[in-house]
Amino acid sequence: MSQFIQRLLAAFNDHDLEAAAALFHESYKSVQPVHPGRAFVGRAQMHANWAAMFAGVPDFHAEVLRSVDDGNTTWSEWTWAGTRTDGRPFDMRGVTIFEIEDGLITSGRLYMQEIERGDEGIAEAVQTLSGRRPARPSEPED
């Protein structure tokens with residue numbers, strides 16, 4: 001894991017908002033491609049977002065499962081977990097892609113999603129996506 005991601009992970013797990021925000025450029029650009037309306041610009045908005053996260057999920061904990069650096073781009077697979085102040089579980093998984101220049105995150109593409117609590121299987125998911133239920137494959141013969 002890159003030292004940069006280790007610092008961000010430590011700041012998140014320490015709930016050290018100032019240390020986390022210090023890793024972001026003041027003009028940081030954030031997009032969530034599957035949620036286009038969530039895009040924003042600025043370290044100040046990142047700070048406000050994470051202040052709300054730490055307040056709303058007081059036992060927030062992050063884990064990095066994998067991280068890879070490619071030039072000035074860092075790809076990381078994350079787990080974010082905890083319990084919301086209303087008692088509901090908070091459990092997200094996904095990937096972040098950060099561009100880093102001069103030691104600061106200048107942009108991020110976040111593919112973080114809350115874990116589904118239902119038990120929808122693959123057949124139901126394919127039907128929801130395509131309108132068609134997949135055929136059951138036949139069992140291989142001995």
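Right above here is the structure, for reference.
Keep in mind that this is a model prediction, so the values were computed, not measured.

Peer 1: Looking at this model, I keep getting lost on the overall build of the chain. Mind explaining?
Peer 2: A tally of helices and strands in the chain yields four helices and six strands. Listing each helix as α and each strand as β along the chain from the N terminus yields α-α-β-β-α-β-β-β-β-α. Each of the three principal axes of the chain carries a C-alpha extent, and together these read 60 × 40 × 30 Å. Looking at the chain residue by residue over its 142 residues, the buried ones come to 33%. Intrachain contacts of the chain at a sequence separation of at least 6 include 46% that bridge at least 24 residues. Accessible surface, the chain as shown: approximately 9100 Å² in total, 51% of it carbon and sulfur. Taking the average location of the 13 positive side-chain charges in the chain and that of its 22 negative ones, the two points are 5 Å from each other.

Peer 1: What am I meant to see in the sheet that holds strand E1 (residues 24–31) here?
Peer 2: Spatially, E2-E1-E6-E5-E4-E3 is the arrangement adopted by the six strands of the open sheet, whose pairing is mixed. If you trace the sheet from one side to the other, it starts and ends with strand E2 (40–41) and strand E3 (61–70), each paired once. Of the strands in this sheet, E1, E3, strand E4 (73–83), strand E5 (89–101) and strand E6 (104–114) touch helix H1 (residues 3–13), which is tilted by about 165° from E3. Across the face of the sheet, helix H3 (residues 43–56) comes into contact with E1, E2, E4 and E5 while running at roughly 70° to E1.

Peer 1: What is the right way to read the pairing of E5 from this model?
Peer 2: If a strand is regular, its side chains alternate between the two faces of the sheet. As defined by bridge partners, E4 adjoins E5 across 11 bridges and the pair is classed as antiparallel. Counterpart to glycine 82 in the pairing with E5 is phenylalanine 90. In textbook terms, the turn of a hairpin is the stretch between consecutive antiparallel strands, and for E4 and E5 this stretch comprises five residues, one of which, glycine 87, has a positive phi near 95°. Of the pairings in the sheet, the one linking E5 to E6 comprises 10 bridges and is antiparallel in character. Looking at E6, one finds that valine 95 is bridged to tyrosine 111. Linking E5 to E6, which pair antiparallel, is a turn of two residues; within it aspartate 102 sits at a positive phi near 50°.

Peer 1: How should the side chain of glutamine 32 be read in this particular structure?
Peer 2: Its location among the elements puts glutamine 32 in the loop between E1 and E2. In contact with glutamine 32, not counting residues within four places along its chain, are Arg38 and Leu110.

Peer 1: How should the packing of aromatic side chains be read in this particular structure?
Peer 2: Both the distance between ring centres and the angle between the ring planes are used here to describe each pair of aromatic rings. This structure, assessed with the given rule, holds 15 aromatic pairs. Aromatic ring contacts, followed pair by pair, group Phe12, Trp50, Phe54, Phe60, Trp78, Trp80 and Phe90 into a single cluster.

Peer 1: What is the right way to read the nonpolar core from this model?
Peer 2: Where a protein is soluble and globular, its nonpolar side chains tend to be buried together. Counting 29 residues, the largest nonpolar core has Leu8, Phe12, Phe60, Trp78, Trp80 and Phe98 as the members making the most contacts within it. For this core, the secondary-structure elements that each account for two or more residues are H1, helix H2 (17–21), E1, H3, E3, E4, E5 and E6. Beyond its immediate stretch of four places on either side in the chain, phenylalanine 98 contacts Ile5, Leu8, Phe24, Tyr28, Asn72, Thr73, Thr74, Ile105, Ser107, Gly108 and Leu110.

Cut-offs and rules
- Residues numbered from 1 in each chain as written.
- Predicted model: local features only at pLDDT ≥ 70, side-chain atom pairs only at ≥ 80, totals over all residues.
- Heavy atoms only, no water.
- Helix = DSSP H or I, 4+ residues; strand = E, 2+ residues; numbered from the N terminus.
- Buried < 20%, exposed > 50% of the residue type's maximum accessible area, 1.4 Å probe, protein only.
- Contact = heavy atoms within 4.5 Å.
- Areas by Shrake-Rupley, 256 points an atom, 1.4 Å probe, with all protein chains shown as cover.
- Lys, Arg positive; Asp, Glu negative; His and termini not counted.
- Charge placed at Lys NZ, Arg CZ, Asp CG, Glu CD.
- Pairing = 2+ DSSP bridges.
- Axes fitted to C-alpha atoms, helices over the stretch in contact; angles between N-to-C directions.
- Phe/Tyr/Trp six-rings, centres within 6.5 Å; stacked < 30°, edge-to-face > 60°.
- Core = buried A, V, L, I, M, F, W, Y, C linked by side-chain atoms within 4.5 Å.

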